[in-house]
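Listed here are the chains, written in short residue letters.
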Amino acid sequence: NTVVPALGLAVYACVCAAPLKSINNQRRLLTKGLGSLNPINAVINLGSCQLWLLYSALLEDPWLCWTCVMGIVLNMYYFESCVGLMGIAYGQSILANPKVEGETKARLDADYNQLLSAQNALLSSAIGFTILYTVLYAHYKIDPEMSLLIIGTLASTTNYIYFLKYIPQIYIIIRKKDASSIMPLLVAADALNSFLWGTYGVILGNTNLIYPNVVGF
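Before going into details, it helps to say that this report is about the structure given with it. (Residues numbered from 1 in each chain as written. Predicted model: local features only at pLDDT ≥ 70, side-chain atom pairs only at ≥ 80, totals over all residues. Heavy atoms only, no water.)

In this section: the side chain of S194. Looking at the element boundaries, S194 is found in helix 8 (residues 184-204). Beyond its immediate chain neighbours, meaning those up to four positions away, S194 contacts F163, N213, G216 and F217. (Helix = DSSP H or I, 4+ residues; strand = E, 2+ residues; numbered from the N terminus. Contact = heavy atoms within 4.5 Å.)

Before going further, it helps to examine the environment of V15. With respect to the helices and strands, V15 occurs in helix 1 (residues 3-17). Measuring from C-alpha to C-alpha, the distance between V15 and L185 comes to 9.5 Å, with 170 residues separating the pair along the chain. Every residue in contact with V15, bar those within four places of it in the chain, is listed here: Y162, L186, A189 and D190.

Right, let's get into the side chain of D190. Secondary-structure assignment places D190 in helix 8. Apart from the residues lying within four places of it in its own chain, the contact partners of D190 are V15, Y162 and Y166.

What follows deals with the packing of aromatic side chains. This model, assessed by the stated rule, comprises two aromatic pairs. Aromatic side chains W52 and Y55 sit 5.6 Å apart centroid to centroid with 75° between the ring planes, which places their arrangement in the edge-to-face category. Taken as a pair, W52 and Y55 lie in helix 3 (residues 39-59) at a separation of three residues, close to a single helical turn. Here W52 falls in the buried class, since its relative accessible area comes to 6%. When its relative accessible area of 3% is taken as the criterion, Y55 is described as buried. Their ring planes at 75° and their centres at 5.7 Å tell us that W197 and Y200 sit as a pair that is edge-to-face. Residue W197 and its partner Y200 are located together in helix 8, separated by three residues, close to a single helical turn. Both residues of the pair, W197 and Y200, count as buried. (Phe/Tyr/Trp six-rings, centres within 6.5 Å; stacked < 30°, edge-to-face > 60°. Buried < 20%, exposed > 50% of the residue type's maximum accessible area, 1.4 Å probe, protein only.)

Moving on, we come to the nonpolar core. Residues Y12, W52, I151, W197, Y200 and L209 are the most contacted members of the largest nonpolar core, which totals 20 residues. Looking at this core, the element that brings in the most residues is helix 3, giving six residues. Judged by nonpolar contacts, the second largest core, of eight residues, contains L37, F79, C82 and L85. (Core = buried A, V, L, I, M, F, W, Y, C linked by side-chain atoms within 4.5 Å.)

Positive phi is not limited to glycine here, since E60 has a value of about 60°. As for its position among the elements, E60 is in the loop between helix 3 and helix 4 (62-96).

The subject of this paragraph is a nonpolar patch on the surface. The grouping of L164, I167 and V215 at the surface amounts to a nonpolar patch, some 270 Å² of accessible area in total. Mapping L164 onto the fold places it in helix 6 (residues 144-164). (Patch = residues over 30% accessible without salt bridge, like charges linked within 9 Å, V, L, I, M, F, W, Y side chains within 5 Å. Areas by Shrake-Rupley, 256 points an atom, 1.4 Å probe, with all protein chains shown as cover. Salt bridge = Lys/Arg side-chain N within 4 Å of Asp/Glu carboxyl O.)

Next up, the structure:
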């Protein structure tokens, strides 16, 4: 009950820290916008971590709890970096050339729209969580079994979404017969992460941990 989740926490830390190099490199450029950064990923991960954090609190599981706290901190850093970079790049470009057109304008607009979508998704998730908490704790009078059922189902669903988002990329790789976009170390870390947390689910007898990690593995 200790070794497996401790290893899972360590591996998940590596998975979350994987984008840090790209984030910090882009932060050094300041005026170049988002580059390869995708704030949507951070929003998805934040929503997932929030649900798993609530679920871990209901389970009173410290390993899950600390894993989620770490995920929230790192993904907030990711998201806020995107917000800051986009604000600086967009503002400076418009101030320098109010009539900017062509490729530069297209790149700025694409980054801005992507960031706007991420902000809307983050706001929607916050409203959704507020409604969810209200329903669970007000309507059901803090019923532990109902809370575990609903939160556990939603949390595991976010894991399915996380893993299934790779399907289009896999399709493109197979179609083009080009695997150069795959990062072997990150894929291996994701697989090991799923194996460890799936094993922890088996130890606990918790299907919300087992099934999505079987899919991920």
